[in-house]
Amino acid sequence: MPHRPTALLCCAALFAAGGCTTVSASADRVPKPAGHVLDAAALRAAAVTGADLGSGWTVTVAAPEQGSAAPPAAREAADVPECQPVLDLLAPAGARSGPIAEADLSAARAGRPRETVHAGLLAFEPGRAELVRSALDRLFPRCRAFRSTPAAGPARGPAGKGAPAKPVPVLHRLQPSDAAVPEGVDAVTAFTLTDESGGSAVSRRVVVARVGAALALFVTLGGAREPVPAPDERLVRMQAARLRAAQR
């Protein structure tokens with residue numbers, strides 16, 4: 001399964017930093033008006049910047065795809081249908097269904113490469129973002145473990161005329177996590193997803209934060225046997241503030 005932008009909020013770190021409420025895997029604040037729907041250009045403009053975060057931070061916003069020469073990525077299917085929303089949420093942009101616009105970015109801090117955060121900003125029609133987020137809450141009890149098989153790889157051999165690379169099935173282990181709702185965020189769902197394939201494993205800590213009619217996904221990566229770092233709480237709050245302002 002491709003690894004792309006999206007992270008889990010560390011309760012202890014957020015509590016120490018202040019400005020949030022400690023809650024379980026999913027949490028909500030009093031709903032705020034959704035505001036107008038953002039397009040891709042507005043999402044890119046709303047992406048957090050290095051200047052927002054302070055010295056030592058570098059933020060890279062992915063350039064928009066040009067034209068349609070590249071085929072969309074194949075949709076990866078879960079063997080447990082109820083678990084499909086997890087794969088769809090973390091899929092490459094070309095394989096997504098649901099958002100009407102998207103912008104991707106990464107935020108890295110000098111000297112702390114393991115703490116790099118990958119993020120995706122997704123815009124939806126009014127009401128749809130909360131439906132997508134809350135669907136995750138409902139699937140946790142049924143989706144502790146499930147499998148998927150990626151699409152077949154490119155053909156092997158000269159000029160790509162050989163047999164296509166055989167896809168390797170992936171075992172996904174899903175664990176909901178305690179979360180916190182930073183100021184400016186309407187609702188949060190957090191979880192850890194560990195992907196095991198071909199003898200290797202990668203874990204992702206994911207936080208799905210709803211801000212009006214948009215979702216902000218934050219992801220940090222780590223191995224299965226090492227703690228996955230939480231995304232910086234200031235990054236989450238600053239990105240939420242920029243999304244909120246863009247929807248006014």
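See above for the structure.
Calculation notes
Residues numbered from 1 in each chain as written. Predicted model: local features only at pLDDT ≥ 70, side-chain atom pairs only at ≥ 80, totals over all residues. Heavy atoms only, no water. Helix = DSSP H or I, 4+ residues; strand = E, 2+ residues; numbered from the N terminus. Expected span 1.5 Å × (residues − 1). Buried < 20%, exposed > 50% of the residue type's maximum accessible area, 1.4 Å probe, protein only. Disulfide = S-S within 2.5 Å. Salt bridge = Lys/Arg side-chain N within 4 Å of Asp/Glu carboxyl O. Core = buried A, V, L, I, M, F, W, Y, C linked by side-chain atoms within 4.5 Å. Contact = heavy atoms within 4.5 Å. Polar contact = N/O pair within 3.5 Å; in protein donor to acceptor, adjacent residues only side chain to side chain.

Peer 1: I tried to follow helix α5 (residues 128-139) on my own but got confused; where do I start?
Peer 2: Owing to its 3.6 residues per turn, the α-helix aligns residues three or four sequence positions apart on the same side. In a regular helix each residue adds 1.5 Å, so 12 residues correspond to 16 Å; α5 covers 17 Å between its end C-alpha atoms and thus fits that length. Listed as buried for α5 are Ala-129, Val-132, Arg-133, Ser-134, Ala-135, Leu-136 and Leu-139.

Peer 1: Is there a simple way to think about the state of the cysteines in this case?
Peer 2: Each disulfide is one covalent bond, formed between the sulfur atoms of two cysteines. Counted under the stated rule, the structure contains 1 disulfide. Two residues, Cys-83 and Cys-143, share a disulfide whose sulfurs are 2.2 Å apart. A torsion of -105° about the S-S bond marks the disulfide between Cys-83 and Cys-143 as left-handed. One end of the pair, Cys-83, is in the loop between β3 (57-61) and α4 (84-90); the other, Cys-143, is in the loop between α5 and β6 (145-148), and 60 residues separate them in sequence. When sorted by exposure, Cys-83 lands in the same class as Cys-143, which is buried.

Peer 1: Would you explain the pattern of salt bridges in this entry?
Peer 2: Pairs can form between side chains of opposite charge once their charged atoms are near each other. Inspection of every chain in the model, using the stated rule, returns 11 salt bridges. Between Arg-109 and Asp-232 there is a salt bridge, and its shortest N-O distance comes to 3.6 Å. In this pair, Arg-109 is assigned in strand β4 (residues 101-109) and Asp-232 in the loop between β11 (214-223) and α6 (233-246), connecting sequence segments 123 residues apart. For Arg-109, a relative accessible area of 29% corresponds to the partly exposed category. Judged by its relative accessible area of 23%, Asp-232 is partly exposed. Arg-244 serves as the salt-bridge partner of Asp-186, at 2.9 Å between the closest nitrogen and oxygen. Of the two residues, Asp-186 sits in the loop between β8 (179-182) and β9 (187-197) while Arg-244 sits in helix α6, which places them 58 residues apart along the sequence. Judged by relative accessible area, Asp-186 falls into the buried class, the value being 0%. A single network of salt bridges, built from pairs that share partners, joins Glu-130, Arg-133, Asp-137, Asp-186, Arg-210 and Arg-244.

Peer 1: What is the right way to look at the nonpolar core in this model?
Peer 2: Nonpolar side chains tend toward joint burial in soluble globular proteins. In this structure, Leu-43, Phe-218 and Leu-243 are the most contacted members of the largest nonpolar core, which totals 31 residues. Secondary-structure elements contributing two or more residues to this core are β3, β4, β5 (117-123), β8, β9, β10 (200-211), β11 and α6. Ignoring anything within four residues of it in the chain, the contact list for Leu-243 reads Leu-38, Leu-43, Ala-46, Leu-121, Val-211, Ala-214 and Ala-216.

Peer 1: I'm lost on the side chain of Gln-247 in this one. Help?
Peer 2: If you trace the backbone, Gln-247 turns up in the segment after α6. Given the relative accessible area of 4%, Gln-247 is considered buried. Only 2.8 Å separates the side chain of Gln-247 from the backbone nitrogen of Ala-213, close enough to count as a polar contact.

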